[in-house]
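Chain by chain, the residues:
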Amino acid sequence: RDVCRRLIVGGRMTMTVGAIAVIISTFIGVIVGGVSGYKGGKLDNLLMRLTEIVYSIPFLTFCIILSRILGNSISELQRIILIMFILGFLSWPGIARLVRGSVLAEREQEFVTAAKALGVKEFGIIFRHILPNIITVIIVNATLDFATCMLTESSLSFIGFGVSEPNATWGNMLNGAQNGQVIENYWWRWVFPSLALGICTISINCVGDGLRDAIDPKSKER
């Protein structure tokens, strides 16, 4: 029950869940948003309606119901993997909308017309020509989603439906400290996990802003 060691191990678990969920959501969101924005028409309407359906699913409620249904029928490792994939598959609508809007603006540019004239295939135009021009939007949104996924995983663990003990995460460390006596007499059990989660979230957002400024070709002009 060493608090320092549990902070380190819990941080690894929390950030791993957040990172894998963001990779899954970014991959799906870029493909859906890119194809939807470039193709337009009926396919665009179909993909956007699908995006709205996924966006309307309440994540916490869905995870709590699923956790109750599955109960003890799955192992702890399977539960962690399930949380990663559910987070990833329900978090992509936001980035899909952003990518779609950026692609709609970029597809009218002259370099896209030139690529079409050269006979470049549509997927080549989307992922080799348009995507590099909107990469800053994707990076910044992915870092924000990373922080959001970490907070969501911590929320699930805090209310007892995420990663459970003896595995440590910042969320279930806080869950073990929600007691009046612990809050008053053993303050280090909740202060340090709270600080770690807050500092990590702010740091990830700062990294995203720094990457945006480093990659954006217009940042030096500003």
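Residues numbered from 1 in each chain as written. Predicted model: local features only at pLDDT ≥ 70, side-chain atom pairs only at ≥ 80, totals over all residues. Heavy atoms only, no water.

A.B. asks: How do you make sense of the overall build of the protein when you look at a structure like this?
C.D. replies: Along the protein, the regular secondary structure elements total 11 helices and 0 strands. If one aligns the C-alpha atoms of the protein with their principal axes, the spans along those axes are about 70 × 45 × 25 Å. Counting the 222 residues in the protein, one finds 42% classified as buried. Sequence-distant contacts in the protein: of pairs separated by 6 or more residues, those separated by 24 or more amount to 74%. Entry remark: accessible area of the protein is about 12500 Å², with carbon and sulfur atoms responsible for 64%. (Helix = DSSP H or I, 4+ residues; strand = E, 2+ residues; numbered from the N terminus. Buried < 20%, exposed > 50% of the residue type's maximum accessible area, 1.4 Å probe, protein only. Contact = heavy atoms within 4.5 Å. Areas by Shrake-Rupley, 256 points an atom, 1.4 Å probe, with all protein chains shown as cover.)

A.B. asks: Any chance you could explain the environment of Asp-2 here in plain terms?
C.D. replies: Mapping Asp-2 onto the fold places it in the segment before helix H1 (3-39). When the C-alpha positions of Asp-2 and Arg-189 are compared, they lie 9.9 Å apart, and in sequence the two are 187 residues distant. Separated by 2.8 Å, the side chain of Asp-2 and the backbone nitrogen of Arg-5 make a polar contact. (Polar contact = N/O pair within 3.5 Å; in protein donor to acceptor, adjacent residues only side chain to side chain.)

A.B. asks: Can you help me understand the environment of Ala-105 in this one?
C.D. replies: Mapped onto the secondary structure, Ala-105 falls in helix H5 (residues 92-106). C-alpha of Ala-105 to C-alpha of Gly-37: the two residues are 68 residues apart in sequence and 8.8 Å apart in space.

A.B. asks: What is the right way to look at the environment of Leu-7 in this model?
C.D. replies: The topology assignment puts Leu-7 in helix H1. Not counting chain neighbours up to four residues away, the residues in contact with Leu-7 comprise Trp-170, Met-173, Phe-192, Pro-193 and Ala-196.

A.B. asks: Is there a simple way to think about the packing of H1 against helix H7 (residues 122-130) in this case?
C.D. replies: Describing two packed helices takes the angle between their axes plus the distance from one axis to the other. Orientation of H1 relative to H7, taken along the N-to-C sense of each, is 115°, at an axis distance of 10 Å. Considering the relative orientation of H1 and H7, their crossing is right-handed. Counting all contacts with H1, which are made through Val-30, Ile-31, Gly-34, Val-35, Tyr-38 and Lys-39, the residues of H7 involved are Glu-122, Phe-123, Ile-125, Ile-126, Phe-127 and Ile-130. Of the residues in the contact of H1 with H7, the class split is 9 nonpolar, 1 polar and 2 charged. (Axes fitted to C-alpha atoms, helices over the stretch in contact; angles between N-to-C directions. Left-handed = near helix turned anticlockwise from the far one by under 90°. Nonpolar A, V, L, I, M, F, W, Y, C, P; charged D, E, K, R; others polar.)

A.B. asks: Could you clarify how one ought to interpret the nonpolar core in this entry?
C.D. replies: Within soluble globular proteins, side chains that are nonpolar tend to cluster in buried spots. Ranked by size, the top nonpolar core spans 32 residues in total, and within it Val-17, Phe-59, Leu-87, Met-150 and Trp-170 carry the most contacts. Excluding residues that lie within four positions of it along the chain, Trp-170 makes contacts with Leu-7, Gly-10, Gly-11, Thr-14, Met-150, Ser-154, Pro-193, Ala-196, Leu-197 and Cys-200. Listed in part, the 13 residues of the second largest apolar core include Val-99, Ile-125, Leu-131 and Ile-134. (Core = buried A, V, L, I, M, F, W, Y, C linked by side-chain atoms within 4.5 Å.)

A.B. asks: I'm lost on the packing of aromatic side chains in this one. Help?
C.D. replies: Counted by the stated rule, this structure contains 5 aromatic pairs. Ring centres of Phe-123 and Phe-127 lie 6.0 Å apart, and the angle between their planes is 15°; this geometry places the pair in the stacked category. Taken together, the residues span about one helical turn, with Phe-123 and Phe-127 both in helix H7 at a distance of 4 residues. According to the relative accessible area criterion, Phe-123 is exposed, its value standing at 53%. Relative to Trp-188, the ring of Tyr-186 lies with its centre 5.8 Å away and its plane at 90°, an arrangement referred to as edge-to-face. Taken together, the ring pairs in this structure connect Tyr-186, Trp-187, Trp-188 and Phe-192 into an aromatic cluster. Just above the ring of Tyr-55 sits the side chain of Arg-97; from NZ or CZ to the centre is 4.8 Å. (Phe/Tyr/Trp six-rings, centres within 6.5 Å; stacked < 30°, edge-to-face > 60°. Lys NZ or Arg CZ within 6 Å of the ring centre and 35° of its normal.)

A.B. asks: Quick question: what am I supposed to make of the confidence of the model for the protein here?
C.D. replies: Where the model shows low pLDDT, its predicted coordinates should not be examined in detail. For the protein, the mean per-residue pLDDT works out to 80, and 95% of the residues sit at or above 70. When pLDDT is averaged over each element of the protein, helix H2 (residues 41-55) comes out on top at 88 and helix H3 (residues 59-70) at the bottom at 74. (pLDDT = per-residue confidence, 0-100.)

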